Amino acid sequence: ETGVTQSPTHLIKTRGQQVTLRCSSQSGHNTVSWYQQALGQGPQFIFQYYREEENGRGNFPPRFSGLQFPNYSSELNVNALELDDSALYLCASSLELAGSYEQYFGPGTRLTVT
Amino acid sequence: QKEVEQDPGPLSVPEGAIVSLNCTYSNSAFQYFMWYRQYSRKGPELLMYTYSSGNKEDGRFTAQVDKSSKYISLFIRDSQPSDSATYLCAMSAYGNNRLAFGKGNQVVVIP
């Protein structure tokens, strides 16, 4: 059984650019959630995908968007990057939409916006 | 008022001591409670998961939930230097997989 993997590990972008982060969910998991963790803070929920559809969104602007693929892997896209977008982006997978609240996190992608 | 409050103050304890961490919450809909451990520059690792009031024990770790007071705790017995990490409480409501996290507590266990 493979765990949650994310790529790339680190990324440096310039303000105004666009970025795509990738996540492969744990084997057998069909739900993927994305979180943003600023330095010294707890993770903040961005959105969740279940069977390729967005299912719930946190307080993030539309320039944060995502996709989930038939194999349950997922992408997070951020347009028009701002300095405050610098953070650790975490992907978490879980087994089903309701009934299992155990989410397993990947190692994260550290994004720096200059 | 934030949904989940966790005093982020760092905690240093000698090896073998009991570590006590806690969180309070304001959202009565929260039914599921988790503790995650996060090592520096890594993703959070699920330590404990519970959905009822009372205690749940797993090895040296005990999670305690008091829904009437909206208060949860994590105790680490016989702490080891390898327990040095940030501990995050997290919770969610029934039918909603969104996790609401506390800020985290940095714990340092001194040999």
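Presented here is a report on the structure given in the accompanying data block.

1. Details of the packing of aromatic side chains
Applying the stated criterion across every chain, the model contains 13 aromatic pairs over all chains. Chaining the aromatic ring pairs together yields one cluster made of Tyr35(A), Phe45(A), Phe105(A), Tyr36(B) and Phe101(B).

2. Some thoughts on the environment of Glu54(A)
All names here are of chain A. Mapped onto the fold, Glu 54 is located in strand E6 (residues 53-57). Residue class for Glu 54 comes out partly exposed when judged on its relative accessible area of 39%. Glu 54 sits 32 residues away from Arg 22 along the chain, and the two C-alpha atoms are 16 Å apart. Excluding anything up to four places from it in sequence, Glu 54 contacts Phe 47, Gln 48 and Tyr 49.

3. Here we look at the side chain of Asn105(B)
Residue and element names in this part refer to chain B. Position of Asn 105 relative to the elements: it lies in strand E11 (residues 105-110). Engagement of the side chain of Asn 105 in a polar contact is seen with the side chain of Gln 6, the distance being 3.2 Å. In contact with Asn 105, not counting residues within four places along its chain, are Gln 6, Asp 7, Pro 8, Gly 9, Leu 21, Ala 85, Thr 86 and Tyr 87.

Calculation rules
Residues numbered from 1 in each chain as written. Chains lettered and ligands numbered in written order. Predicted model: local features only at pLDDT ≥ 70, side-chain atom pairs only at ≥ 80, totals over all residues. Heavy atoms only, no water. Phe/Tyr/Trp six-rings, centres within 6.5 Å; stacked < 30°, edge-to-face > 60°. Helix = DSSP H or I, 4+ residues; strand = E, 2+ residues; numbered from the N terminus. Buried < 20%, exposed > 50% of the residue type's maximum accessible area, 1.4 Å probe, protein only. Contact = heavy atoms within 4.5 Å. Polar contact = N/O pair within 3.5 Å; in protein donor to acceptor, adjacent residues only side chain to side chain.

In short, geometric facts, not functional conclusions.
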